[in-house]
Amino acid sequence: MNLPVLKAADFASDQDIRWCPGCGDYSILAQMKKVLPELGIPREKTVFVSGIGCSSRFPYYMNTYGMHSIHGRAPTFATGLKATRPDLSVWVITGDGDALSIGGNHFIHVLRRNLDINVVLFNNRIYGLTKGQYSPTSEEGQVTKSTPMGSIDHPLNPLSVAIAAEATFVARSLDAHVKHLAETLKRAAAHKGTSLVEVYQNCNVFNDGAMAYAQEKSQRLENTIELEHGKPLIFGTNRDKGIRQVGTQLEVVNLKDVAEDDLLFHDEKAMDPSLHFLLSRMRHPVMPEPIGVFRDVEGVATYDEQINDQVAAAKAKHGEADLNALFNSGDTWEVAS
Amino acid sequence: MSVQPEGQLIADKEISEVDGITVRLAGDSGDGMQLLGTQLTNTSALLGNDVATFPDFPAEIRAPRGTRAGVSGFQVQFANSEIFTPGDTLDALVVMNPAAMVTNITDLRRGGLLIVNEDGFDAKALKLAALTEDPVTEEIEDRYRVFKVPMTKLTRDAVKELGLGMKEADRCKNFFAMGLVYWLFGRSLEPTLRFIDNKFGKKLPDVAAANEKALRAGWAFGETTETFGITYRVAPAKLKPGTYKNMMGNQALAWGLLAAAKRSGKEVFYSGYPITPASDILHELSRYKHFGTRTFQAEDEISACCAAIGAAFGGAMAVTASSGPGIALKAEAMGLGFILELPLIVINVQRGGPSTGLPTKTEQSDLLQAMFNRNGEAPLPIIAAQSPGDCFDAAQEAWRIAVKFMTPVILLSDGYIANGSEPWKVPDVNEMEPIVVTHPPDAAEGDAPFMPYARDENLARPWAIPGTAGLMHRVGGLEKADGSGNVSYDPDNHQLMTDKRAAKIEGIANDIPAQEVFGEESGDVLVISWGGTYGACHTAIERCQREGLSVSHAHIRYMNPMPANLGDLMRSFRKVLVPELNSGQLRMLLRAKYLVDCIGFNKVKGKPFSVSELMDQIHEIADQPTPNDQHFG
């Protein structure tokens, strides 16, 4: 059978896109449309579920099935959908406010349950749709409409939270680094279990340049470090710096002083999340921030698989469900006419 | 309906035939009173009596032992005719300790049997019950027929040879009490012996043996001592022919969902967050995975409702349940379900509110919550179950409406119905009509664009599910353009869609039966009730009718939309009385909708109505002149 070969354009819906000109969301949308045809999953088997926020308008722009739901709850809709329809490819699109404040609870639980879905978290460290209040990932001291004297909240690190919840796939990418983003989305799609991809995404209206240290090509090589499984952690414009583990800490070292073999080697497959957690603690400006796949653990049963396995096991054990037998079970009595 | 003590106690045991008996068993919440009550109920049902039960227990798992706060009770009425309530006043009260006695004694009718576990009335127990002296006073002995039985001691003696520890031995005393009660009312021990064997026989043979001995000892005590001079018999009730089983409300609800799934060719996805008194629906459905039932214990109420909507989007029979405070949390998702126009059942097993309120007590004060607890114009159909067995039918009716009209449906139950029980006539599954569900099929290249918000003759939109080629569409909480379902901020479209959604829900009135009336279709007083007060209202009205009063009964099942003939019906009576276990919620709706000045009879005590208080109220209303007589000419 010849299946039609789909192109990025086939995944575009007929709706006008209403993000601000220059928004990083366009880039993520473009990469998604580019990646999906390569997965070989029919459009009708693909569902995008989102919460509320700029990013959450995403499903309207995809020619797949989609649900734009309510604040922070996209993971819960995805849970009901995927649990009953494991045949579907389900993507959750969310933002830093949606996933981490109003939806913080569901974010943790979908990760620890390991539902086989993909979560893409657009992180611009600001509330865009509500016009510029600070978000759970905003820097301490950030002046916004709701924090004229500076934010006094300590920011939440989504990847640390995810790894603490023992998420089986955790990655970070950048809207501006399109190749890396496409590759990371593809890796996420290939993972069985909940995959989380945090995408640093610029809000050029309310928080322009917040992640410029990572986004700008000129600064990226100094301020980020690309994780590769089995490889030592090396970074810098001249690839002359590395990361070494000392006790429970990570430190930046100069390759002039330290041999490559003494650097930390990345193991994304490690079941124990401790090192992945340490990597998630690397924050600019003290450390380069890792991008790429932190963690990709295989062989952990997924929620949807298990709920359906239990149904199958119960059917195998009890045979074809028989309502008559159920209704007449236990103590009954007859009333004669 | 009551035990008639004939004269003094007599030496030879006499058997008294009575129409019915109401008995309450009360003890500490660790004493096994619920188990005792359930067994007595099942046994009575198997004898062919009509039964109705009312469990009443504290909200704490183990309130301090022996205190008034820790008293757990179970009331059952068994009768030789059809009954609709667990009874008003008690014919017999069994109490295991002083706290149980003082908190229950006022419900025992004068001359009723008071059976006291004498061993439970020591100084320590009196102190725990905050009493300075033995509550079994001379006055009590004059007023009731009191039997003091040293149940703890007799139980210990009965199980002595098994070598159990004191604590284990004492734990069997509820079975001793059970045996005595069974003897007194001529119940067979067989079903309970079978229960003991099933529950403990294999795993804990010692416990099984001890319980059996205690049960038999209780029976033997009644038979051999001179304490009791009379026993009572209640003949089988004349119910409709068929197979029956004793059924609790939450179980009937779960089974109704399974039946609805079968009728519609679906499998149930049920999501819930633990809450009293709804949790048992989750427990029950979790046992039926072989029916394809998937149950999801969510991280919170919001998640539970949203997960159900996700499952509905995927084509499952989606159900979520909670009690009032949990429903409050689900509200935003219910609004989304409404605008998505997806079928969903949201069950509210009401309890005393507001907020955490009275978790184990009954109330019907969430009607206005069901009507209005959503932002914007978001009417939802509401169905109220009226009795434990009726939950089975109500659940199926909720699903029928949900899929026919593509809308979430609210199903109201309450703690009284959920934990109460009654005989349930086992239906013939082969006679169940199908509930028709259609999903539009794959579309081909070149077909007209799919319109997810096109409407059929019921104004329902198509239930197109992911996986269907060519029907890709996006749903969401933003206003939909008519037909295409695209996001639309157009003012006229919002008006149109608001009107269409409202008309769809209002149109359900044409799809439900006309309001039935028990009694004449016009007259002096129309009593309008809903939900779990059905039994008490029906009984009260039936008795008032027998007394010659011109009173009729309309018990509403469809709370929204209401039956089309209800307004005319109300105007055919001089007065309309609306008894409710709230401060007048249905009355407010009736007045607003039909401009008829209903009279309320309201109670918010965490307790159901008694038949007698309703009868008093009906008498009072019937005797009063009507303030608006001129409207009736």
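Provided above is the structure to which this section pertains.
Residues numbered from 1 in each chain as written. Chains lettered and ligands numbered in written order. Predicted model: local features only at pLDDT ≥ 70, side-chain atom pairs only at ≥ 80, totals over all residues. Heavy atoms only, no water.

Student: Which parts of the structure should I look at to understand the sheet that holds strand 5 (residues 90–95) of chain B?
Tutor: Neighbouring strands of a sheet are bound in pairs by backbone hydrogen bonds; such pairs are parallel or else antiparallel. Residues and elements named next belong to chain B. Within the open sheet, the six strands sit side by side as 3-4-2-5-6-7. Their pairing is mixed. For this open sheet the edge positions go to strand 3 (50–56) and strand 7 (145–149), each flanked by a neighbour on one side alone. Sheet twist, expressed as the average angle between the axes of neighbouring strands with direction ignored, equals 15°. Pairing analysis gives four bridges linking strand 2 (residues 20–28) to strand 5, with the strands arranged parallel. (Pairing = 2+ DSSP bridges. Helix = DSSP H or I, 4+ residues; strand = E, 2+ residues; numbered from the N terminus. Axes fitted to C-alpha atoms, helices over the stretch in contact; angles between N-to-C directions.)

Student: In this structure, what is going on with the layout of surface pockets? I would like to understand it.
Tutor: Rolled over the atoms, a probe sized like a water molecule indicates the empty space that remains. If you add up the space inside the second largest pocket, you get close to 1100 Å³. Together, 38 residues line the second largest pocket, and Arg43(A), Asn63(A), Gly470(B), Leu471(B) and Met472(B) are the ones closest to its centre. In the lining of the second largest pocket, the residues fall into 22 nonpolar, 10 polar and six charged. (1 Å grid on protein atoms, 1.4 Å probe; cavity = no way out; pocket = protein on both sides within 12 Å on 5 of 7 lines; lining within 4 Å. Points joined across faces, edges and corners; volume = space filled by probe spheres on them. Nonpolar A, V, L, I, M, F, W, Y, C, P; charged D, E, K, R; others polar.)

Student: What exactly am I supposed to notice about the sheet that holds strand 10 (residues 249–254) of chain A here?
Tutor: Strand order in the open sheet made by the three strands is 8-9-10 (chain A), with antiparallel pairing throughout. Each edge of the sheet is formed by a strand with only one pairing partner; in this case those strands are strand 8 (234–235) and strand 10 of chain A.

Student: For this particular structure, what's the right way to read the side chain of Asn104(B)?
Tutor: Relative to the helices and strands, Asn104(B) resides in helix 2 (residues 98–104). Sequence-distant contacts of Asn104(B), defined by excluding residues within four places in its chain, comprise Arg24(B), Ala26(B), Val71(B), Leu90(B) and Leu93(B). (Contact = heavy atoms within 4.5 Å.)

Student: Explain the side chain of Ser56(A) here, please?
Tutor: Residue and element names in this part refer to chain A. Here serine 56 lies in the loop between strand 1 (46–50) and strand 2 (65–68). The exposure class of serine 56 is buried, given its relative accessible area of 0%. One polar contact links the side chain of serine 56 to the main-chain amide nitrogen of glycine 51, over a distance of 3.1 Å. Not counting residues up to four positions away in its chain, the partners in contact with serine 56 are Ser50, Gly51, His68, Ile93, Thr94 and Asp98. (Buried < 20%, exposed > 50% of the residue type's maximum accessible area, 1.4 Å probe, protein only. Polar contact = N/O pair within 3.5 Å; in protein donor to acceptor, adjacent residues only side chain to side chain.)

Student: How should the packing of helix 2 (residues 74–84) of chain A against helix 12 (residues 301–313) of chain B be read in this particular structure?
Tutor: When two helices pack together, their arrangement is given by the angle between their axes and by how far apart the axes lie. It is at 6 Å that the axes of helix 2 of chain A and helix 12 of chain B come closest, and there the two elements cross at 45°. Here helix 2 of chain A lies oblique to helix 12 of chain B, going by the angle between them. Crossing of helix 2 of chain A over helix 12 of chain B shows right-handed handedness. In this structure, helix 2 of chain A uses Thr76(A), Phe77(A), Gly80(A), Leu81(A) and Thr84(A) to contact helix 12 of chain B, whose residues at the interface are Ser303(B), Cys306(B), Ala307(B), Ile309(B), Gly310(B), Ala311(B) and Phe313(B). Residue composition of the contact of helix 2 of chain A with helix 12 of chain B, grouped by class: seven nonpolar, five polar and no charged. (Parallel < 35°, antiparallel > 145°, perpendicular 65-115°, else oblique. Left-handed = near helix turned anticlockwise from the far one by under 90°.)

Student: So what exactly am I meant to see when it comes to the packing of aromatic side chains here?
Tutor: Here a ring pair, both rings aromatic, is described through the centre-centre distance and the interplanar angle of the planes. All chains considered together, the criterion is met by 24 aromatic pairs over all chains. Judged by centre distance (5.0 Å) and plane angle (80°), the rings of Trp19(A) and Tyr61(A) are edge-to-face. With Trp19(A) in the segment before helix 1 (25–39) and Tyr61(A) in the loop between strand 1 and strand 2, this residue pair connects regions lying 42 residues apart in the sequence. Judged by relative accessible area, Tyr61(A) falls into the buried class, the value being 6%. Ring-pair connections join several aromatic residues into one group, and the members of that group are Trp19(A), Tyr26(A), Phe48(A), Phe58(A), Tyr61(A), Trp91(A) and Phe122(A). It is Lys266(B) that lies over the ring of Trp463(B); its NZ or CZ is 4.9 Å from the centre. Taking the ring centre of Tyr453(B) as reference, the NZ or CZ of Arg461(B) above it sits at 4.6 Å. (Phe/Tyr/Trp six-rings, centres within 6.5 Å; stacked < 30°, edge-to-face > 60°. Lys NZ or Arg CZ within 6 Å of the ring centre and 35° of its normal.)

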